[in-house]
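Next come the chains, spelled out residue by residue.
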Amino acid sequence: MEYTEPVLLTRDLEIGFVLNNHKKKIVYSDINISAGKGELVALIGRNGVGKSTLLRTLANLQKSLSGEILINSTDINELRRIEAARVISFVSTEPIRIANLKVFDLVSLGRFPHTNWAGRLKQHDRKLVQEAIRLAGLEGFEQKPVSEISDGERQRAMIARTLAQETGIVILDEPTAFLDLPGKYEIVRILNDLATNTGKTIIFSTHDLNIAIHRADKIWLMLPDQIISGAPEDLVLTDRFADIFKDSELQFDVHKGDFLLPVDFKGKIGLSGKGLARLWTTKALERIGLQVAEAGKQENIVAVNEKNGIIQINLKTGDKKNEFSSIYQLSLYLKKIFSR
Amino acid sequence: MTESKNIQGRLLSRKHLLIFGVLLIALVLLFLLDLFLGSVRIPFSEIVRILISGEGKEEWVTIIYKFRFPKAITALLAGVALSVSGLQMQTVFRNPLAGPYVLGISAGASLGVAILMLGFSSLISASNILNIGNWAIVSAAWIGSGIILFLILMVSMRVRDIMTILILGIMFGSATTAVVSILQYFSHETALKAFVVWTMGSLGHVSREQLQVLSFSVIVGLGISFSSVKLLNALLLGETYAISLGLNVKASRILIFVSTSILAGSITAFCGPIGFIGIAVPHIARMIFNTADHRILLSGTLVMGGILLLFSDIIAHVPGYDTILPINSVTALVGIPVVVWIIIRNRKYAAFS
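K.L.:
Even after reading the chapter, I still don't get the overall build of chain A, so can you show me in this structure?
P.N.:
Across its full length, chain A carries ten helices and 18 strands. Against the globule reference of 20 Å for 340 residues, chain A gives a C-alpha radius of gyration of 26 Å, more extended than a compact globule. Projected onto the principal axes, the alpha-carbon positions of chain A cover approximately 85 × 45 × 40 Å. Burial status across chain A gives 50% buried among its 340 residues.

As structure tokens, then:
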């Protein structure tokens, strides 16, 4: 099956916590997943399913209950703490806002497992830190305090820190949370570039399904009873995404690659028009609860036309004809008619 | 661009060196000024001459070497030790208001001294209270803080959450303080006064032999502190990141707790609990050096701590008068404005998470 030896592989992994009374609290069992060199893996699943616990276990931050985690064919438990820190780095959801901590100093903390007792940076270390900052797109930010940069820049600084740590595997817990849309795309683009250009295995959890589907090489879909893994397209074609929100109203749209709320249609309406004007008028009509059909035999017909940024809409309802210059006006009018 | 690349990541920038230079000069000047103040007026030039050649008017040489010099050194050591342990506690607990006594070290020392002075006062006659040897007080304080340290270390071996350790430290401290209050309630007036005087702190009761012990302890404590700068830097990011960088968090905490206890514990044993220096100085150092790197911050805090306690001691002498104020009140009056200012400017200089 596998064409290359996986960098990270789990065998019958069971994750969870050991409670004070020595009882086990199992979060998830029978985990058999893998990630290859240079792969960007997105971990997707609902809140509370155990994504963070899985990532923390893979990052050697907590012990597994049973089973194996193999890093380059070596059991993770056989690695000393410092050795593990040289192969896996981690970015948590916890925001770092330490006053007076400069971006350069934060990134150079990534050299921790490689430097001497005093943490002295040699010329080689400094070069690596500078290179990490460049790869994360933070040139010119070296002397800025991390408490005074934006959330996205801070997240990039945390990623730069993992680069300075020079690990083959980078694990990030929801790196796109708290970011605005361009910020989310930027982070995932950087992760994608890093996986492709540096051959690192990068694993991240996210709720931004759309971005994950477009950018990740592999998806670990963490359902309550099993983890399904494969290329995002495989999961779309086999209709596995629909299983995530099975108990909610959300439906997975296989064309858009995203979840949508289903709409109950109050009526039908005919639409004629072309291109973008037609596409967006369709969206507007569906939003107000009208199913769009070909103009042909419908009782009510919308004709839309856009030229040089001017929208022209004609509505024929029975014998009445109306004209509108914006979709907003049209939707107000239609809402009035169909609420009767 | 190439120039800025060379500056990036160099440990000490030119600016930092300049600041260190200025601070060291201030430290030396304050040290000399501290020697200058006292009930007997000795000309400044004579002090310098006595210090350099060891010769001068016999009476003055005695005053300088027997009294003022040990006291100034004690002030220096106390300032350095308390500030460095304060810095360590603020980093380990990721709390800007943590200080050397957050682990309950001062409460433990008070309990030791209270049991000695107040508890035994019912056994020995009241007139003998004041004859309790200096060494006995020091030992009692050391034992008291040692017991609290032991409890804290036991807790930190088992508990991982740093906030739990912080809360337990505060609880141990409060429990000890409660016991001390009970002892105070049942004790003789003379014993009570002697104890209250101890709690006010004093830099002047350290004999030359004791000073040797104190210096040795502080040097050992500082040695451990300097050897843990890398650990402190990693702990700055919090436990999760510290582990992911390959740090043994429990062992590091224990190492740092041990050095804090040696530093703060010895100072408390010899000088009584001296407040606020340990909380205020690290913040001043952070602000002056504008860095979070402990390799610079630790040295900066150390020098700044010496400066601030020498300054407090000079104020305690009320230049021009023969009165000496209790050092603890002076450090509080010097330190509290700083702490207040930290709270007001919290977002900028003391945000830890």
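K.L.:
Please clarify how the nonpolar core should be interpreted in this entry.
P.N.:
Generally speaking, a soluble globular protein has its nonpolar side chains buried in company with each other. Within the largest apolar cluster, 190 residues are counted, with the highest numbers of intra-cluster contacts made by A:Leu54, A:Ile219, A:Trp220, A:Phe241, B:Phe93 and B:Phe257. Of the residues forming this core, the biggest block, 16 residues, is contributed by helix 4 (residues 58–92) of chain B. Grouped together as the second largest cluster of nonpolar side chains are 14 residues, A:Ile288, A:Ile313, A:Leu315 and A:Tyr333 included.

K.L.:
Sorry if this is basic, but what is going on with the packing of aromatic side chains here?
P.N.:
Working definition: an aromatic ring pair is given by the centre-to-centre distance plus the angle between the planes. Evaluation of the coordinates by the stated rule reveals ten aromatic pairs over all chains. Their ring planes at 50 degrees and their centres at 5.4 Å tell us that A:Phe324 and A:Tyr333 sit as a pair that is tilted. The residues A:Phe324 and A:Tyr333 share a single accessibility class, namely buried. Ring geometry for B:Phe93 against B:Phe257: centres 5.9 Å apart, planes inclined by 20 degrees, an arrangement best described as stacked. Within this pair, whereas B:Phe93 is found in the loop between helix 4 and helix 5 (105–119), its partner B:Phe257 is found in helix 12 (residues 249–271), the two being separated by 164 residues in sequence. Overall, the relative accessible area of 2% leaves B:Phe93 in the buried class. In this arrangement the basic side chain of A:Lys144 is found over the ring face of A:Phe141, its NZ or CZ atom lying 4.6 Å from the centre. A cation over an aromatic ring shows up here: A:Lys283 above the ring of A:Trp280, its NZ or CZ 4.9 Å from the ring centre.

K.L.:
Please explain the interface of chain B and chain A as it appears in this structure.
P.N.:
Contact residues are listed per partner, giving 35 residues for chain B and 41 residues for chain A. The junction of chain B with chain A conceals about 3300 Å² of combined surface from both sides, 55% of it contributed by carbon and sulfur atoms. Between the two partners, chain B and chain A, sit one salt bridge. A:Glu94 is the salt-bridge partner of B:Arg94, the closest N and O atoms lying 3.2 Å from each other. The interface formed by chain B and chain A includes ten residue pairs in polar contact (both at pLDDT 80 or more). If you list the elements that add at least two residues to the side of chain B that touches chain A, you get helix 9 (208–227), helix 10 (229–235), helix 11 (239–244), helix 13 (277–289) and helix 16 (346–349) of chain B. By residue class, the composition of the side of chain B that touches chain A is 15 nonpolar, eleven polar and nine charged.

K.L.:
How do you make sense of the confidence of the model for chain B when you look at a structure like this?
P.N.:
Reading fine detail from the predicted coordinates is not recommended where pLDDT is low. Residues and elements named next belong to chain B. Predicted confidence across chain B gives a mean pLDDT of 85, with 91% of residues reaching 70 or more. For chain B, per-element mean pLDDT is lowest for helix 1 (residues 2–7), which scores 42, and highest for helix 14 (residues 294–316), which scores 95. Throughout residues 1–7 the model reports pLDDT below 50, and contacts reaching past four residues in sequence, or to other chains, amount to one contact. Per the prediction output, this complex has pTM 0.86; the corresponding ipTM is 0.83.

K.L.:
Help me out: how do you make sense of the sheet that holds strand 8 (residues 169–172) of chain A in this one?
P.N.:
Each strand in a sheet pairs with its neighbour through backbone hydrogen bonds, running either in the same direction (parallel) or in the opposite one (antiparallel). Residue and element names in this part refer to chain A. Strand order across the open sheet formed by six strands is 7-8-9-4-10-11, with mixed pairing between neighbours. The open sheet is flanked by strand 7 (88–91) and strand 11 (227–230), the only strands paired with a single partner. Taking each pair of neighbouring strands and ignoring which way they run, the sheet shows an average axis angle of 15 degrees. Two elements, strand 10 (residues 218–222) and strand 11, share four bridges in a ladder whose sense is antiparallel. Bridging from a neighbouring strand, Ile-219 pairs with Gly-230 of strand 11. Across the sheet, helix 5 (residues 151–164) lies against strand 7 and strand 8, angled at about 170 degrees from strand 7, the strand it touches most. Contacts between helix 6 (residues 181–198) and the sheet are confined to strand 4 (40–45), strand 8 and strand 9 (201–205), with strand 9 contributing the most and set at about 155 degrees to the helix.

K.L.:
Sorry, what's going on with unusual backbone geometry here?
P.N.:
Comment: phi is negative for the bulk of residues other than glycine, and the bulk of peptide bonds are trans. Residues and elements named next belong to chain A. Even without being a glycine, Asp-239 presents a positive backbone phi close to 60 degrees. Here Asp-239 is to be found in the loop between helix 8 (232–237) and strand 12 (251–253). Although it is not a glycine, Asn-308 sits at a positive phi angle of roughly 50 degrees. Considering the arrangement of structural elements, one finds Asn-308 in the loop between strand 16 (300–307) and strand 17 (310–317). By relative accessible area, Asn-308 is classed as exposed at 76%.

K.L.:
Which parts of the structure should I look at to understand the sheet that holds strand 17 of chain A?
P.N.:
All names here are of chain A. What the five strands build is an open sheet, ordered 15-14-16-17-18; its pairing is mixed. Each having just a single partner strand, strand 15 (290–294) and strand 18 (320–324) make up the two edges of the open sheet. Averaged over all adjacent pairs, the angle separating strand axes in this sheet is 25 degrees, with direction ignored. Pairing of strand 17 with strand 18, which is carried by five bridges, proceeds in the antiparallel orientation. Residue pairing across strands places Lys-316 opposite Lys-321, the latter belonging to strand 18.

K.L.:
So what exactly am I meant to see when it comes to the pattern of salt bridges here?
P.N.:
As a working rule, side chains carrying opposite charge can pair if their charged atoms are close by. All names here are of chain A. Using the criterion set out here, one finds 16 salt bridges over all chains in the structure. Notably, a salt bridge pairs Glu-294 with Arg-278, separated by 3.3 Å at the nearest N-O pair. In this pair, Glu-294 is assigned in strand 15 and Arg-278 in helix 9 (residues 275–287), connecting sequence segments 16 residues apart. A residue is classified by how much of its surface remains accessible, and Glu-294, at 58% relative accessible area, is exposed. Taking the relative accessible area as the measure of exposure, Arg-278 reaches 22% and is therefore partly exposed. Because the salt bridges share partners, they merge into one network encompassing Arg-111, Asp-125 and Glu-166.

Parameters at a glance
- Residues numbered from 1 in each chain as written.
- Chains lettered and ligands numbered in written order.
- Predicted model: local features only at pLDDT ≥ 70, side-chain atom pairs only at ≥ 80, totals over all residues.
- Heavy atoms only, no water.
- Helix = DSSP H or I, 4+ residues; strand = E, 2+ residues; numbered from the N terminus.
- Rg over C-alpha atoms; globule rule 2.2 N^0.38 Å.
- Buried < 20%, exposed > 50% of the residue type's maximum accessible area, 1.4 Å probe, protein only.
- Core = buried A, V, L, I, M, F, W, Y, C linked by side-chain atoms within 4.5 Å.
- Phe/Tyr/Trp six-rings, centres within 6.5 Å; stacked < 30°, edge-to-face > 60°.
- Lys NZ or Arg CZ within 6 Å of the ring centre and 35° of its normal.
- Contact = heavy atoms within 4.5 Å.
- Buried area = accessible area lost by both parts, 1.4 Å probe.
- Salt bridge = Lys/Arg side-chain N within 4 Å of Asp/Glu carboxyl O.
- Polar contact = N/O pair within 3.5 Å; in protein donor to acceptor, adjacent residues only side chain to side chain.
- Nonpolar A, V, L, I, M, F, W, Y, C, P; charged D, E, K, R; others polar.
- pLDDT = per-residue confidence, 0-100.
- Pairing = 2+ DSSP bridges.
- Axes fitted to C-alpha atoms, helices over the stretch in contact; angles between N-to-C directions.

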